[in-house]
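Examining the three-dimensional arrangement
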Amino acid sequence: MKLLTRSLVAALALTFGYGSGLLAGDCGCAAPACNSCDLGCNDCGCFDDCCTDCCDPGVGWGLFGEAELLFLRYHRADGVRIGGGGPGAGVENGEFDFEPSMRYTLGLIAPNGIGARVRYFEYDHFEQIEDAGDGLGVDTYTIDGELFETFELNRNWAMEISGGVRYTGFLENMVDVGAGDSREISFYGAGLVTGLEVRRSVGFGLLYARTRMAVVQDDKHITNVDGGAAGEGASNAGAIASIQDVELVDTTNGMLELAIGGEVNYELSNGSVLFARSGLEWQNWWNFSNSFEANGVGVVDTVLPGGGVAAEGIFDGPSDVGFGGFTFSAGISY
């Protein structure tokens, strides 16, 4: 039991970003590593190595790394589809599976619980909609650089606060080969990210709940080429009916991440800790995409020779996107 308790405390310390030296202010058996009584370490009645772990302030710098495998479905506030669904248009809706993506974290921890880390997330998938070659593709990534601080609230609860910068790249493609339609929305911008995570020790390990919020800003580019294929309302079937090509200058986008789950840890003989996590995660990204015009009827921005009028809707106001699914991760702290 005492070994399990020590492993839990070491996991709380090392995976949270602080060493046992953070507990040296109490330096008594009330600390979780020596919780058999409330006396000083010399009178604790626990093993000598336990008291050393509890009271020794000489814990140095540490490193940690984590690799996460996420299975996420892509969502859009305007629906997962490749067109406006106007008069003559077929069923243009689709649904992503839980697609795999990766997130990597590497960090450095100071003895006082303050640390720094970098994090990289990428999601790149294409969902077929209607005929072969038709569909919606999403290629996006985020790069974070953060400072964080972790601290113990009591012997069961710990908390981490973080803040830093985020760079985001987002590209959404909609392709309808038969209709000659091609739609693209792209955004590449930077901003700030903040985070809060709480953990509670339980019998098997830890439970965690986390939120991250970011605001990123820069230009957004929108391209919508309507091929004007027969049956879609264009008077010049087979030729390009309209082109929407817009640069939105200095747009602002928000990002929210919510996650809950559990974590287990195993302390190695050299003092490092292996940890594994599993949980659920939802993300909502504001204003990254754009919705189709109401009723699927587009207003032609540019009419090429032939003077066609397209029934497929062009892009109108901003639309949110998001991800939802489950995650698995493993890492090491030393």
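Before any of the text, the structure's been laid out above.
Reading guide: rules and limits
- Residues numbered from 1 in each chain as written.
- Predicted model: local features only at pLDDT ≥ 70, side-chain atom pairs only at ≥ 80, totals over all residues.
- Heavy atoms only, no water.
- Helix = DSSP H or I, 4+ residues; strand = E, 2+ residues; numbered from the N terminus.
- Buried < 20%, exposed > 50% of the residue type's maximum accessible area, 1.4 Å probe, protein only.
- Contact = heavy atoms within 4.5 Å.
- Patch = residues over 30% accessible without salt bridge, like charges linked within 9 Å, V, L, I, M, F, W, Y side chains within 5 Å.
- Areas by Shrake-Rupley, 256 points an atom, 1.4 Å probe, with all protein chains shown as cover.
- Salt bridge = Lys/Arg side-chain N within 4 Å of Asp/Glu carboxyl O.
- Core = buried A, V, L, I, M, F, W, Y, C linked by side-chain atoms within 4.5 Å.

Right, let's get into the environment of Val177. Mapped onto the elements of the fold, Val177 is located in the loop between strand 5 (157–176) and strand 6 (181–201). Judged by its relative accessible area of 54%, Val177 is exposed. In this structure the C-alpha to C-alpha distance between Val177 and Gly135, which are 42 residues apart in sequence, comes to 9.0 Å. With near-sequence residues (within four places) excluded, Val177 lies in contact with Gly133 and Asp134.

Moving on, we get to a nonpolar patch on the surface. Taken together, the side chains of Leu69, Phe98, Leu258, Ile260, Leu280, Trp282, Phe326 and Phe328 present a nonpolar region at the surface, about 740 Å² in accessible area. Where the nonpolar patch is concerned, the elements lending two or more residues are strand 8 (242–267), strand 9 (273–292) and strand 10 (315–333). Residue class for Phe98 comes out partly exposed when judged on its relative accessible area of 42%.

Moving on to the nonpolar core. Core analysis: the biggest nonpolar cluster contains 26 residues, and Tyr74, Tyr123, Leu136, Phe170, Trp285 and Phe288 have the highest contact counts within it. Counting residues per element, the ones that place at least two in this core are strand 1 (62–76), strand 3 (114–128), strand 4 (135–152), strand 5, strand 6, strand 7 (206–226), strand 9 and strand 10.

Our next topic: the pattern of salt bridges. Once the charged atoms of two side chains with opposite charge are near each other, the side chains can pair. With the rule as written, the count across this model stands at 18 salt bridges. Across the pair Arg166 and Glu257 runs a salt bridge whose closest N-O atoms are separated by 3.1 Å. A residue pair is termed long-range when its members are at least 10 positions apart, and Arg166 in strand 5 and Glu257 in strand 8 qualify at 91 residues. Like Arg166, the residue Glu257 is buried in the burial classification. Notably, a salt bridge pairs Arg199 with Glu263, separated by 3.0 Å at the nearest N-O pair. Here Arg199 is found in strand 6, whereas its partner Glu263 is found in strand 8, with 64 residues between them in sequence. A residue is classified by how much of its surface remains accessible, and Glu263, at 1% relative accessible area, is buried. In this structure, a network of salt bridges that share partners links the residues Arg117, Arg119, Asp144, Glu146, Glu160, Arg166, Arg212 and Glu257.

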